[in-house]
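# Topology and contacts: notes
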Amino acid sequence: MACCDEPQLIPVRDAIARMQVAVQSVSDTETVALPDLLDRITAEPVRAGFNVPGYDNSAMDGYALRADDAGQPLIVVGQSLAGHRFEGELQPGQCVRIMTGATIPAGADAVVMQENTKVNGDSIKVLKSPSAGENIRRAGEDISKGQEVFPAGYRFGPIDLALLASLGLAEATVQRRLKVAVLSTGDELTPPGQPLKDGHIYDSNRYGIIAILQRLNVDVLDLGLIPDQPDAIRAALERAGSEADAVVSSGGVSVGDADYVKDILGELGEIGFWKVAIKPGKPFAFGHLGRAVFFGLPGNPVSSMVTLHQLALPILRTMAGEAPEPPLQITAKATSGYKKRPGRQDFQRATLRCVDGENQVGSNGAQGSGVLTSFLGANAYTVLEAERGKVEAGEFVTVIPFDRFIT
Ligand code: AMP
Ligand code: MG
């Protein structure tokens, strides 16, 4: 391939495929109460125990009638309110006052909306005749009894909790939460809130990593800031490997003199690979540490966020028992040009807009792997394929809108 200055780099797609087959999903399950089910993942399909709606009911405020009768004045013989049905059976020439959601009385086959009637004492005149079945929500038209509503491996969102409630379900069987250990490495790092020593920078990665993992709804074991000392790194990785399902570290996986993480991973566990054709973020280590899966993110702040999001997150979601859809990809017109050499798949932070019906994407400023502000106000990645060279403004490019895990 003409694309690669560094042929040993693994293409992003291959790296993800290799990691997916090298991990296992959690197998323990638990029963969790409805209010606590947000972002939990189903361990088995959820089925409806009854029809939804449970009975034929009115979609409108109006009058329930026989559609064939609508040409004549109709006597109002009673009412059917939500929660209080009309007990009788409708006879020819009769109608029943009915409210949205109320049971359709026996004998009626349509509802005329109130606005299309004229009331005259005890009877009504229908101004616009409904056809048979009109304005009736049929029993089971939304969900039929026994139907699978949620598959296994499904992450519950807010509306899903309402849907579960509508099925009368007060709990669900879900996968146990994944436990993920997080650590930063680097002698130059100072925790925020403390004075910065000469030549130091603040440890920013750990806060972004933990926040992303919290959105994923995993249990985070924060192992803190570890100096670039082999013994300290060894102790942290040993603990992480024995206590967690997965470990996410930042820094120390490149080829510098103080980059011990990868070597210690090789010593305590095994390195699957550690170079991916992704920009930002080429040094990304994947491996195993005891029973835990290890993700070694690069230290550069943008690289660490992009590799966590694009490489580690899909695998963590699989491990958590989720079966997510691949991310949405759209095509948009580039409003700015991009300098690029073939070789790595590039995830540029970008602003996606729809202008007069056309998707347009612009670069979100300087794209260095340390420029964390490139994420500020960005809502998408412009994804430049590995083999692609420079892009001129006006060309079409692939865009992945951000999901809720990254912004
Ligand atoms: P490394 O991957 O350890 O070689 O680090 C690459 C660059 O990222 C260096 O400039 C580090 O100072 C910086 N860096 C490493 N870890 C962090 C961190 N936790 N927060 C912010 N910057 C970091
Ligand atoms: Mg370092």
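Residues numbered from 1 in each chain as written. Chains lettered and ligands numbered in written order. Predicted model: local features only at pLDDT ≥ 70, side-chain atom pairs only at ≥ 80, totals over all residues. Heavy atoms only, no water.

## Observations regarding the site of ligand 1
To be explicit about the condition: Note on definitions. A residue lies near a molecule or strand when any single heavy atom of the residue is within 4 Å of it. Two N or O atoms form a polar contact when they lie within 3.5 Å of each other; inside protein one atom must be a possible hydrogen donor and the other a possible acceptor, and for residues adjacent in sequence the pair counts only when both atoms belong to side chains. Only the protein chains shown count as cover for residues, with accessible areas throughout obtained via the Shrake-Rupley method and a probe of 1.4 Å. Each helix is a run of DSSP H or I of at least 4 residues and each strand a run of E of at least 2, with the numbering of both proceeding from the N terminus. Three classes are used: nonpolar for Ala, Val, Leu, Ile, Met, Phe, Trp, Tyr, Cys and Pro, charged for Asp, Glu, Lys and Arg, and polar for all others, with Gly counted as polar.
Around ligand 1 sit 16 residues in total, of which Glu 188, Asp 203, Ser 204, Gly 252 and Gly 299 are the nearest. Between ligand 1 and the protein, one listed contact pairs an oxygen atom with a side-chain N or O atom of Glu 188 at 2.5 Å. Contact with the protein chains hides 77% of the accessible area of ligand 1, taken as 480 Å² for the molecule alone. At the level of secondary structure, the elements contributing two or more residues to the shell around ligand 1 comprise β13 (179-185) and β15 (201-202). Here the residues of the shell around ligand 1 are counted per class, giving four nonpolar, nine polar and three charged.

## Section: helix α3 (residues 205-215)
In an α-helix, one turn spans 3.6 residues, which is why side chains three or four residues apart end up on the same side. Applied cut-off: Accessible area is worked out with a 1.4 Å probe on protein chains only. A residue is then buried under 20% of its type maximum, exposed over 50%, and partly exposed in between. The directions from the helix axis to the C-beta atoms form the arc being described. The contact definition used throughout considers only heavy atoms, calling two residues in contact when any of these lie within 4.5 Å.
Inspection of α3 places Asn 205, Arg 206, Ile 209, Ile 210, Ile 212 and Leu 213 among the buried residues, and these make up the whole buried set. Axial view of α3: buried residues confined to an arc of 160°, hence all on one face. Elements in contact with the buried residues of α3: β13, β16 (219-226), β17 (246-250), β21 (292-297) and α6 (301-319). Following α3 by one or two positions, Asn 217 adopts a phi angle in the positive range, close to 65°.

## Brief notes about the packing of aromatic side chains
The following threshold applies: Geometry of aromatic contacts follows a simple scheme: Phe, Tyr and Trp rings, the Trp one being its six-membered ring, pair when their centres are within 6.5 Å, and the pair is stacked under 30 degrees between planes, edge-to-face over 60, tilted otherwise. Both a distance and an angle decide whether a charge sits over a ring: NZ of Lys or CZ of Arg must be within 6 Å of the ring centre and within 35 degrees of the ring normal.
One pass over the structure, following the stated rule, counts nine aromatic pairs. Between Phe 286 and Phe 295, the ring centres sit 5.8 Å apart and the planes meet at 50°, which makes this aromatic pair tilted. What links up through ring pairs into an aromatic cluster is the set Phe 273, Phe 284, Phe 286 and Phe 295. A cation over a ring is seen here: Arg 97 above Tyr 63, with NZ or CZ 5.1 Å from the ring centre. The ring of Phe 375 carries the charged tip of Arg 349 above its face, separated from the ring centre by 5.8 Å.

## Some points on the pattern of salt bridges
As a reminder of what qualifies: Any carboxyl oxygen of Asp or Glu that lies within 4 Å of a side-chain nitrogen of Lys or Arg is treated as forming a salt bridge with it.
Applying the stated criterion across every chain, the model contains 20 salt bridges. Between Asp 39 and Arg 404 there is a salt bridge, and its shortest N-O distance comes to 2.3 Å. Note that Asp 39 is positioned in the loop between β1 (29-33) and β2 (46-47) and Arg 404 in the segment after β26 (396-401), a separation of 365 residues in sequence. A salt bridge links Asp 263 to Lys 262; the nearest nitrogen and oxygen atoms lie 3.8 Å apart. A relative accessible area of 48% places Asp 263 in the partly exposed class. The buried category is assigned to Lys 262, whose relative accessible area is 10%. The network of salt bridges with shared partners includes Asp 39, Arg 155, Arg 317, Glu 322 and Arg 404.

## What about the domain arrangement of the protein?
Quite often, the size of an interface is put as the accessible area lost when its parts meet. Filter applied, for reference: Residue ranges labeled as domains rest on an automatic or database domain assignment.
Each assigned domain of the protein is listed here: domain 1 (12-27 + 176-319), domain 2 (33-47 + 150-175), domain 3 (57-137) and domain 4 (330-401). Here the C-alpha centroids of domain 1 and domain 3 sit 65 Å apart.

## Focus on the sheet that holds strand β4 (residues 62-65)
Our working rule: Being paired, for any two strands, means DSSP has found at least two bridges between them. Throughout, an axis means a line fitted to C-alpha atoms (over the contacting stretch in the case of helices), and angles, computed between N-to-C directions, take values from 0 to 180 degrees.
Strand order in the open sheet formed by six strands is β7-β4-β6-β5-β9-β8, with mixed pairing between adjacent strands. Either end of the sheet is taken by a strand with one partner, and the two such strands are β7 (110-113) and β8 (117-120). Neighbour to neighbour, the strand axes of the sheet diverge by 40° on average, direction disregarded.

## Focus: the environment of Gly 54
Among the secondary structure elements, Gly 54 is positioned in the loop between β2 and β3 (57-58). With 20 residues separating them along the chain, Gly 54 and Leu 34 place their C-alpha atoms 21 Å apart.

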